[in-house]
Amino acid sequence: MRRPRIAHVLNTIGLGGVPEAALHLIRALPPERYDCRVYVMKRSDDEEEGRGERLARFEEAGVPVCFPRSAGEKLAVASDLCGWLVAEGIDLLHTHSYKPNLYARLAGLPCREGGLRIAAHYHNQYDNKWEKDGSLTLERMLARSSDALLAVSGSVRDHVAERLGIARERVDVILNGVDAERFAGQDPARARDGFGLPPDRPVVGIVGRISPQKGQEDFLRAARLLAPRFPDALFLVVGSADDERLLARTRGLAGELGLGDAVRFTGHVTDMPALYAALDVLVAPSRWEGFGLMLVEAMAAGKPIVASAVGAIPEVLGEGGAGVLVAPADPAAIAGAVAPLLADAGRRAAMGAAGRLRARDFSWEASGRRLAAVYDRVLGR
C-alpha cells in the first residue's frame, strides 16, 4: 500500500521558528507511514550560511525540498505549486503560517476534486497581517475548505477560532516541542569563550528575529535602565533582521541610549545550545507570541526567563516558577524583573531548575503522534 504523500509548504527556508518547527514535526512522524516532501514558496539570498545549514538538515532527514521553477508574484508561485501538487501525487497539503496558509491553500483548491486534503497550521497570531492586507475575509473562506486547522498553542487556537468565527473544537492544538537533551549539559565557560564573551560578566540576551513583534527596542531601553546598577553587564541581541532598515534603526537606538560596547548584535546563531549556555538571563519582551521556541529552549538549558505576559507565553512558561511575567512594552518592568536575578545566583539556579522540569512537558515525539492522528483522521485511515 502506497504511503500517503504529505506536502509541507513553507514561505521560506528561513531562520525563524516556523521552518524549525516544521522540520522537527516531519522528523517525528513515522517515515514508514508518511511520505513527506517540502515546497518552499520563496528563495532568499541573505544569510546564505544559516539557510544552507537548515536546508541541509531537511535533506539529512530524507525530506526532498522543492522551490518554484522561477521567482515571481505569489499568485504565479501558487500556480506553480498547483502543478507540483498534481505532478507529485500529493494526498495532503499541510501549509505553515501566514502566506502559505493563504496562497498555498488557494493552489490546493483546484485539486480538491482529485481527492486532495488540506490542513492549515497557525504558528502565530496574524492580526497585524490580516488587518494590513485585508485578507481576513479570504482566510475565513479558506477555513471552510480546509479539512484540518492546527494551532501551536491553546492561545493561538482561541485567537484563530474567534477571528475566523469558528468553533474552538475545529482547531487541533499541536504544541511545539524541544529536544531537551540537545540544550542540557553545555559548559558555560566554553560557550562564552566560543562567542568571545568574558567568563565573569553578567550576560542578558534576547533571542528572535529583529522585528516589531519581538520587542528588541524594549529590551534595549531596559538595558539602559540596568546599566548603571550593573555596569559590567553585557546585553546580546541574537537573531537576524526582517529588513536592513529595521536593523539599522535598532542599532541606532542602542547608540542613542549610550549603551556602547555593552550591547552586541550577534546576527543569526547556529549553535543555539551554546548560546543559551552563555546567558545568565533570557528576556522575551514580545508584543504578541503564538508559542515562542526560545522559551522552551531556554528552559531546557536551565536559564531563568523574564517575559511579557502576552499570547501563549504564560501558557508555555506554566506556573512552576521558570519565568517572571511582566507587562508588554514596559522597559522599566523588564529591568525591575531582571535586576534581582542578576544580583542573586541562587534565584537564577532555582528558576533554571524549574525551567528544566517544565521543558519536559514539550516533546516533539508527542507532537508528532498528535499530528499523525490528525493526518489519519483527515485521510480516513
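Computed from a predicted model, the values in this text were never measured in an experiment.

(A) Molecular detail of the environment of G239. Following the sequence through the fold, G239 ends up in the loop between β9 (234–238) and α11 (244–256). Residues G239 and L15, spaced 224 residues apart in sequence, show a C-alpha to C-alpha distance of 8.4 Å. Apart from residues lying up to four places away in sequence, G239 is in contact with G208, I210, T266, G267 and H268.

(B) Molecular detail of the state of the cysteines. Under the defined criterion, the tally for this structure stands at zero disulfides. Cysteine C36 remains unbridged, with the sulfur of C66 as its closest cysteine sulfur at 15 Å. Counting only cysteine sulfurs, C82 is the nearest neighbor of C111, a cysteine outside any disulfide, at a range of 4.0 Å. Judged by relative accessible area, which is 11%, C111 ranks as buried.

(C) Examining unusual backbone geometry more closely. For S97, which is not glycine, the phi dihedral falls at a positive 75 degrees. Taking the relative accessible area as the measure of exposure, S97 reaches 13% and is therefore buried. Residue A329 is not a glycine yet carries a positive backbone phi of 55 degrees. Checked against the element boundaries, A329 lands in the loop between β13 (323–326) and α15 (331–343).

(D) Geometry of the pairing of β9. Of all the five residues making up β9, five are buried; the element is thus mostly covered by neighbouring parts of the structure. Because side chains alternate across β9, one face comprises the buried residues L234, L236 and V238, and the other comprises F235 and V237, equally buried. Where strand β8 (residues 203–207) lies against β9, five bridges are found, and the strand directions are parallel. Bridged to V204 within β9 is F235. Each parallel crossover has a hand, and for β8 linked through helix α10 (residues 216–226) to β9 it is right-handed. In terms of strand pairing, β9 meets strand β10 (residues 263–267) through four bridges, oriented parallel. In the strand pairing of β10, V237 is matched with F265. In this fold, the crossover linking β9 to β10 by way of α11 has right-handed handedness.

Cut-offs applied
- Residues numbered from 1 in each chain as written.
- Predicted model: local features only at pLDDT ≥ 70, side-chain atom pairs only at ≥ 80, totals over all residues.
- Heavy atoms only, no water.
- Helix = DSSP H or I, 4+ residues; strand = E, 2+ residues; numbered from the N terminus.
- Contact = heavy atoms within 4.5 Å.
- Disulfide = S-S within 2.5 Å.
- Buried < 20%, exposed > 50% of the residue type's maximum accessible area, 1.4 Å probe, protein only.
- Pairing = 2+ DSSP bridges.
- Right-handed = clockwise from strand over helix to strand, strands pointing away.

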